[in-house]
Amino acid sequence: MIERWALVSGLKGDLETYELIQSELKKARGVTALFVLGDMIGPERNCDALLNRLQNPRRKELEPQCIYGWWEEQLLTEQGFRGEQKADTLRLNQGEEVVSALLNAVDPSHLKWLASLQFGFIELDCGLIHGSSADVGDNLTSETSPLILLDRLTRLAINRLFTAHSTKQFHLELTGGGIDSQVKDLNGQHQHQQKVSKQSIIGIGAGASYTIYDVGSDKTHFLTAGGQSNSKGKGFA
Amino acid sequence: MKHAVISCLHANLAALKAVLNDIDQNGISDITCLGDLVGYGPQPNEVVDLVRERAITSCQGCWDEDIIEGLNACECSYPSQLAEKRGHLAHEWTAEQLTDINKDFLASLPTSIRRDRILFVHGSPNSQHEYLLPDMNAFAALERVEKAGADTLFCGHTHQPYVRELKNGSIRVRLQNTSNHNAEDKEINLPMRKIVNAGSVGEPRHGSTNATYVIHDDVTGEVEIKEVAYDIGLTCQAIIDAGLPRIFAWRLSHGFEFAEQAEDASHVCER
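Every value quoted in this text rests on a predicted model; they were computed, and no experiment measured them. (Residues numbered from 1 in each chain as written. Chains lettered and ligands numbered in written order. Predicted model: local features only at pLDDT ≥ 70, side-chain atom pairs only at ≥ 80, totals over all residues.)

S.K.: Please explain the overall build of chain A as it appears in this structure.
M.R.: On a plain count of helices and strands, chain A comes out with seven helices and 12 strands. Against the globule reference of 18 Å for 237 residues, chain A gives a C-alpha radius of gyration of 19 Å, in line with a compact fold. By its C-alpha atoms, chain A is 60 × 45 × 25 Å across when sized along the principal axes. Looking at chain A as a whole, 43% of its 237 residues qualify as buried. A fraction of 70% describes how many contacts in chain A between residues 6 or more apart in sequence connect residues 24 or more apart. (Helix = DSSP H or I, 4+ residues; strand = E, 2+ residues; numbered from the N terminus. Rg over C-alpha atoms; globule rule 2.2 N^0.38 Å. Buried ≥ 20, exposed ≤ 12 C-beta atoms within 10 Å, placed from the backbone. Contact = placed C-beta atoms within 7 Å.)

Printed below as a string of structure tokens:
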């Protein structure tokens, strides 16, 4: 049986785009799960309608499995769900007015649900996280050092990491390589060579740009709601 | 020039005196300490006083941080509830014993010290609580050094001294994104980097009861791991006299700390 996952992020309160994606998923073959990798909220618009819909999916619609993203982290921090901290990074980088806009964009009745969301999912040998295993705001792109990418995979002992924070769509596969490690201690000297196993980092996009992952064939499809497939590269689509 | 690096003194005065004596005999005056001056051991004030007297450049360890900040580390730092309970007992005892001057001194310590391309930290550049064990994934270990912008990283925390060279590294990648329809292949060569763990002066866990430290020659790059015997009985008796858990004396006299080795050494406490 075909098993495919749909991966969405960065909707930032855009119910219209979410409905468009849902309607496309109904027509797509074999999509069995919908993962929403955070940033359901943002300061640009009121997010209550989308949050209501995510918590109360319609019949015959894929039930979204949500985790929190960077914007949720800012809201929860500002609202006192992260100890004594406040959303200082957001305040410093984007100003007090953006903090206020974020607070106004989400009705406090949604906070309990948002606070209940997990940092990420581990499905099969895949990690599904807004940023990375290091941080919800980790900005992984195709330009990020492969050494850092390998570290993020190693921290969770996974073979594929689906990330969203950069908003980019990309599939970067680690195809090989190695490193020599020589350890000297009081018992003598030991040499070891470590190889790079085949692992991937997949940027799933944001907003209308979303990704379908074919679990059986390990192929990734980059799509835009209302548009064409963004990539059908060899070995990836 | 040669300099000595010590770590994890853990309020063990006899061990510290023996190590400093050994360093003096080697004609070395430049000493760097990687933290954990206190915790577990029975002479926190005496050890901090001696470090201050000798003007030893130090960074802050996880125990030093916890004494100042309160217990920040979550239960993930301990492999069992029993070990956690003993750790909390030692924490409370140490916090009671330390003078305000010595607490202020620990609070003033930096989390890292940089000398050109050499970085000194307690655990890792990420956290005072992260263990860089000698068998840690080599790429992840290299990432810690590289991200910190260092050629050589000195650390402690594991209580196991070692020198690890990471070299001849490369990673091949294949990239597909929305702007290129053909996959792009490339190979990245990784730089050679070194991690030096100074072991522990006050609570060795390398299989022997001797204190350990390292001597680094910054001209040749050579690192010598040193083992120093000290009067363990003196410290064990002081542990018992202070009313600290007797197991702290037992493990010092056996050179192994079976009870306190974390199951997931790579875990970083986020609290």
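And the narrative resumes.
S.K.: Would you take a moment to explain the overall build of chain B for this structure?
M.R.: Of the regular secondary structure elements, chain B holds eight helices and 11 strands. In chain B, buried positions account for 46% of the 271 residues. Considering only contacts in chain B between residues 6 or more positions apart, those separated by 24 or more positions represent 75%.

S.K.: Looking at this structure, I do not really get the interface of chain B and chain A. What am I missing?
M.R.: On the chain A side, the residues contacting the 34 residues of chain B number 34 residues. Listed by contribution, the elements that provide at least two residues to the side of chain B that touches chain A are α6 (138-147), β7 (162-177), β8 (180-189) and β11 (223-228) of chain B. The greatest single-element share of the side of chain B that touches chain A, amounting to 16 residues, is contributed by β7 of chain B. A breakdown of the residues in the side of chain B that touches chain A according to their chemical character gives 16 nonpolar, 10 polar and eight charged. The pairing of strand β7 (residues 169-185) of chain A with β7 of chain B spans 13 bridges and is antiparallel. Paired with His-171 of chain A across the bridge in β7 of chain B is Gln-176 of chain B. (Nonpolar A, V, L, I, M, F, W, Y, C, P; charged D, E, K, R; others polar. Pairing = 2+ DSSP bridges.)

S.K.: Honestly, the sheet that holds strand β1 (residues 2-6) of chain B in this entry has me stumped. Any pointers?
M.R.: Residues and elements named next belong to chain B. The five strands are arranged β3-β2-β1-β10-β11 in an open sheet whose pairing can be described as mixed. The open sheet has two edge strands with one neighbour each: β3 (57-58) and β11. The pairing of strand β2 (residues 31-33) with β3 spans two bridges and is parallel. Looking across to β3, one finds that Thr-32 is bridged to Thr-57.

S.K.: Would you take a moment to explain the nonpolar core for this structure?
M.R.: Side chains that are nonpolar tend, in soluble globular proteins, to be buried together. If you look at the biggest cluster of nonpolar residues, it comprises 121 residues, and the most contacted ones within it are Leu-7 and Leu-37 of chain A together with Ile-6 of chain B. Counting residues per element, this core draws most heavily on helix α1 (residues 13-25) of chain B, which supplies seven residues. Leave out the neighbours within four places in its chain, and Leu-7 of chain A touches Phe-35, Leu-37, Phe-162, Ile-204, Tyr-210, Thr-211 and Tyr-213 of chain A. (Core = buried A, V, L, I, M, F, W, Y, C linked by C-beta atoms within 7 Å.)

S.K.: Is there a simple way to think about the pairing of strand β1 (residues 4-8) of chain A in this case?
M.R.: Side-chain positions along a regular strand alternate between the two faces of the sheet. All names here are of chain A. The buried fraction of β1 amounts to four of the five residues, a majority that puts the element mostly inside the structure. Bridge count between β1 and strand β2 (residues 31-37): five bridges; the pairing is parallel. Among the inter-strand pairings, Trp-5 is bridged to a residue of β2, identified as Ala-33. Where the polypeptide runs from β1 across helix α1 (residues 15-27) and back to β2, its parallel neighbour, the crossover connection is right-handed. Examined bridge by bridge, β1 and strand β10 (residues 209-214) share four bridges and lie antiparallel to one another. Its bridge partner lying in β10, Leu-7 is registered against Thr-211. (Right-handed = clockwise from strand over helix to strand, strands pointing away.)

S.K.: What exactly am I supposed to notice about the packing of helix α3 (residues 70-78) of chain A against helix α5 (residues 96-105) of chain A here?
M.R.: All names here are of chain A. At a closest axis distance of 10 Å, the pairing of α3 and α5 adopts a crossing angle of 90 degrees. As far as their axial angle goes, α5 and α3 are roughly perpendicular. Residue-level inspection shows Trp-71, Gln-74, Leu-75 and Glu-78 of α3 in contact with α5, the latter providing Val-99, Leu-102 and Leu-103. Of the residues belonging to the contact of α3 with α5, the class tally is five nonpolar, one polar and one charged. (Axes fitted to C-alpha atoms, helices over the stretch in contact; angles between N-to-C directions. Parallel < 35°, antiparallel > 145°, perpendicular 65-115°, else oblique.)

S.K.: So what exactly am I meant to see when it comes to helix α7 (residues 232-242) of chain B here?
M.R.: At 3.6 residues per turn, the α-helix brings residues three or four places apart onto the same side. All names here are of chain B. When we look at burial in α7, the residues that qualify are Ile-232, Thr-235, Cys-236 and Ile-239. Taken down its axis, α7 places every buried residue within 100 degrees of arc, on the same side. Every exposed residue of α7 that faces more than 90 degrees away from the buried side is listed here: Gly-233 and Asp-241. Of the residues one or two after α7, Gly-243 is the one with positive phi, at around 80 degrees. (Arc of directions from axis to C-beta.)

S.K.: Where do I start with unusual backbone geometry in this structure?
M.R.: When glycine is set aside, most residues are seen to have a negative phi, and most peptide bonds are trans. All names here are of chain B. The backbone phi angle of Asp-36 is positive, close to 55 degrees, even though this residue is not glycine. Following the sequence through the fold, Asp-36 ends up in the loop between β2 and α2 (44-53). Even without being glycine, His-157 reaches a positive phi, approximately 75 degrees. Note on placement: His-157 falls in the loop between β6 (152-155) and β7.

S.K.: Please clarify how the pairing of strand β6 (residues 160-163) of chain A should be interpreted in this entry.
M.R.: All names here are of chain A. Every second residue of β6 is oriented toward a common face, with Arg-160 and Phe-162 on one face and Leu-161 and Thr-163 on the other, all of them buried. Bridge analysis of strand β5 (residues 126-129) against β6 gives three bridges, and the strand direction is parallel. Residue pairing across strands places Gly-127 opposite Leu-161, the latter belonging to β6. Handedness of the β5-helix α7 (residues 146-156)-β6 crossover: right-handed. As judged from the four bridges shared by β6 and strand β9 (residues 199-204), these two strands associate in the parallel manner. Pairing of Phe-162 across the sheet is with Ile-202, part of β9.

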